[in-house]
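# Per-entry structural report
Letter by letter, the chains look like this.
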Amino acid sequence: MAKTKTQYVCQECGRTSPKVLGRCPQCDAWDSMVEEIVEDEKTALSRVNTHGMGSLSVPKRLSEIEGEGEDRIPVPINEFSRVLGGGVVPGSIVLIGGDPGIGKSTLMLQMTMQMAAGSKVLYVSGEESARQIKMRAIRLLPGAEKKAHALPEELYLVTETNLDAIMGHVRAINPRLLVIDSIQTVYRPEMESSAGSISQVRESASRLRELAKDSGIAVFVIGHVTKQGTIAGPRVLEHIVDTVLYLEGDQFQAYRLLRSVKNRFGATSEVGVFEMQERGMIQVPNPSEAFLAERMVNAPGSAIAVTMEGTRPLLVEIQGLTSFTNFGNPRRTPNGIDFNRLLLITAVLSRRLNLRLSDQDVFVNVVGGLRLDEPAADLAVAAAITSSMRDRPIRADMALVGELGLSGELRMVGQINARLREAASLGFRQAVVPRRLQRKEPWPGGIEIYEARSLNDALKLALIE
Ligand code: TYD
Ligand code: MG
């Protein structure tokens, strides 16, 4: 086999160099040189010849292309399946991203253990030893059968980081499903850069994608997100893979959200909810109920918002607390909502409702470790703060939905009826929503709807005298 050559390419301007340079001589960008594999025309062509049908690719009529709808491999874990868009597509490559320790390996091991009942699965780990993984697998077995003999027959494990060796194992075992844990540990030996570097991550992922497309094996790739948020890996991977799922959650909370941010085979922003327990990731089929479980009814500073996670409405409790600032500037401390959104809401409360927050510290917490990025929760946040400040509780059976405008007006949010139906199904009897300008469909039944034009009107309805 001809020796593969690599070169360094500036990611800003495309200048190439045989050696890595700290600063690009063409565009002066720093640290922009990334190692890439050079493939000469001849090897590229011969690869096409062997993988293709004896010639270069041939255009076909759309109607002549085989396969209507994909045959998906069903995933027994419902919440996982829903995020994938209803099962695993053969030949696809899926990235599972998330913070270290959030539960990616646990979730993948659980999934592969269940999938291995029907087909061969190869789990490649570069992070843990085979023994460690086996111990974890036994721990994840259901209560009664915590014995090694209950482990699935068709689940193969290997600790390997050399991508060539991994490809060898794949050929030997020929699995239906391949898991790479994690992409940061694999490397292509022909490249100089160390494992985990952008070049290695990108080239390895490209090779895995080719493997998936050529062989029809479904490949799952785990990727760590680094602390700084500049993702050495997952971000450069996002356009290589077919589907990107992120596992999110608060390290100190049990709930984990599996969110799809890109999906070539299904809807994005679909969400699966899990709880990390002793026996691994347990599905939470009814998350609203779980998020409201510990709620103290009739306590000041607690409001219920209805947020959409993908197509799924979720009821969450929002807590607000105001307390006198003893010295210095008053603090604004959000947990689960955006800092600037909180500043905006407190500013509207000060200016439009004459709420005296200038000498108050304000804390806002979204219960359950959820992160809300939606302005639809504005009203509930404002109500929780006002409720704490005035020491008056919000009606216990009332849900609050609405985006706040700078003049203190309430603005309509999307999918309002889906939200209200979820609130009604969880036993909420009343809801305050923004006033509708056009009446398209009637309000859902089983819940009394109050339309409010402004924050002021809404709070009059929500707070108990
Ligand atoms: P892990 O799946 O190793 O995280 P990642 O692969 O994303 O880095 O999960 C590690 C954490 O999960 C660890 O802190 C222990 C916890 N955990 C449980 O709480 N219950 C369990 O059953 C398992 C296997 C792990
Ligand atoms: Mg792991």
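Residues numbered from 1 in each chain as written. Chains lettered and ligands numbered in written order. Predicted model: local features only at pLDDT ≥ 70, side-chain atom pairs only at ≥ 80, totals over all residues. Heavy atoms only, no water.

### As for the side chain of S17
Relative to the elements of secondary structure, S17 occurs in strand 2 (residues 16-17). S17 gets classed as buried once you look at its relative accessible area, which sits at 8%. From its side chain, S17 meets the backbone oxygen of K19 in a polar contact 2.4 Å long. Excluding residues within four positions of it along the chain, S17 makes contact with Q7, Y8 and M33. (Helix = DSSP H or I, 4+ residues; strand = E, 2+ residues; numbered from the N terminus. Buried < 20%, exposed > 50% of the residue type's maximum accessible area, 1.4 Å probe, protein only. Polar contact = N/O pair within 3.5 Å; in protein donor to acceptor, adjacent residues only side chain to side chain. Contact = heavy atoms within 4.5 Å.)

### Thoughts on the site of ligand 1
Residues in close proximity to ligand 1 total 17 residues, the closest being G101, S105, T106, Q277 and E278. Note that an oxygen atom of ligand 1 is positioned 2.5 Å from one of the side-chain N or O atoms of T106. In this structure, G280 approaches ligand 1 through a main-chain N or O atom, which is 2.7 Å from an oxygen atom. In isolation ligand 1 has 560 Å² of accessible area, and contact with the protein removes 75% of it. Taken together, the elements giving at least two residues each to the shell around ligand 1 come down to helix 3 (104-115), helix 4 (130-140) and strand 11 (271-277). For the shell around ligand 1, the per-class residue count stands at 4 nonpolar, 7 polar and 6 charged. (Near = heavy atom within 4 Å. Areas by Shrake-Rupley, 256 points an atom, 1.4 Å probe, with all protein chains shown as cover. Nonpolar A, V, L, I, M, F, W, Y, C, P; charged D, E, K, R; others polar.)

### A look at the packing of helix 9 (residues 339-353) against helix 12 (residues 455-462)
Running from amino to carboxyl end, helix 9 crosses helix 12 at an angle of 90°, the nearest separation of the two axes being 11 Å. Judged on the interaxial angle alone, helix 12 and helix 9 are roughly perpendicular. Contacts from V348, L349 and L353 of helix 9 reach helix 12 at L455, N456 and L459. Looking at the contact of helix 9 with helix 12, its residues break down into 5 nonpolar, 1 polar and no charged. (Axes fitted to C-alpha atoms, helices over the stretch in contact; angles between N-to-C directions. Parallel < 35°, antiparallel > 145°, perpendicular 65-115°, else oblique.)

### Some words on the environment of V432
With respect to the helices and strands, the residue V432 is situated in strand 20 (residues 430-434). A residue is classified by how much of its surface remains accessible, and V432, at 0% relative accessible area, is buried. Sequence separation of V432 and R139 is 293 residues, and the distance between their C-alpha atoms is 46 Å. Once residues lying within four places of it in the same chain are set aside, the contact partners of V432 are L379, M398, A399, L400, V401, Y450, A452, A458 and L461.

### Re the domain arrangement of the protein
By the assigned domains, the protein splits into domain 1 (5-47), domain 2 (71-284) and domain 3 (290-462). Between domain 2 and domain 3, the C-alpha centre-to-centre distance is 37 Å. Every contact between the two is made by 13 residues of domain 2 and, on the other side, 10 residues of domain 3. In this assembly, domain 2 packs against domain 3 so that about 980 Å² is buried in total across both faces, 49% of it on carbon and sulfur atoms. Of all residues in domain 2, Y255, L257 and E270 give up the largest surface area on contact with domain 3, accounting jointly for 37% of the area buried on that side. Across the contact surface, domain 2 and domain 3 share 2 salt bridges. (Domains from an automatic or database assignment. Buried area = accessible area lost by both parts, 1.4 Å probe. Salt bridge = Lys/Arg side-chain N within 4 Å of Asp/Glu carboxyl O.)

### Considering the pairing of strand 16 (residues 360-366)
Most of strand 16 sits out of view: 5 of its 7 residues are buried. Bridging between strand 14 (residues 312-324) and strand 16 involves 7 bridges; their strand directions are antiparallel. Looking at the pairing, Q319 lines up with N365 of strand 16. Pairing geometry for strand 15 (residues 332-335) and strand 16, over 4 bridges, is parallel. (Pairing = 2+ DSSP bridges.)

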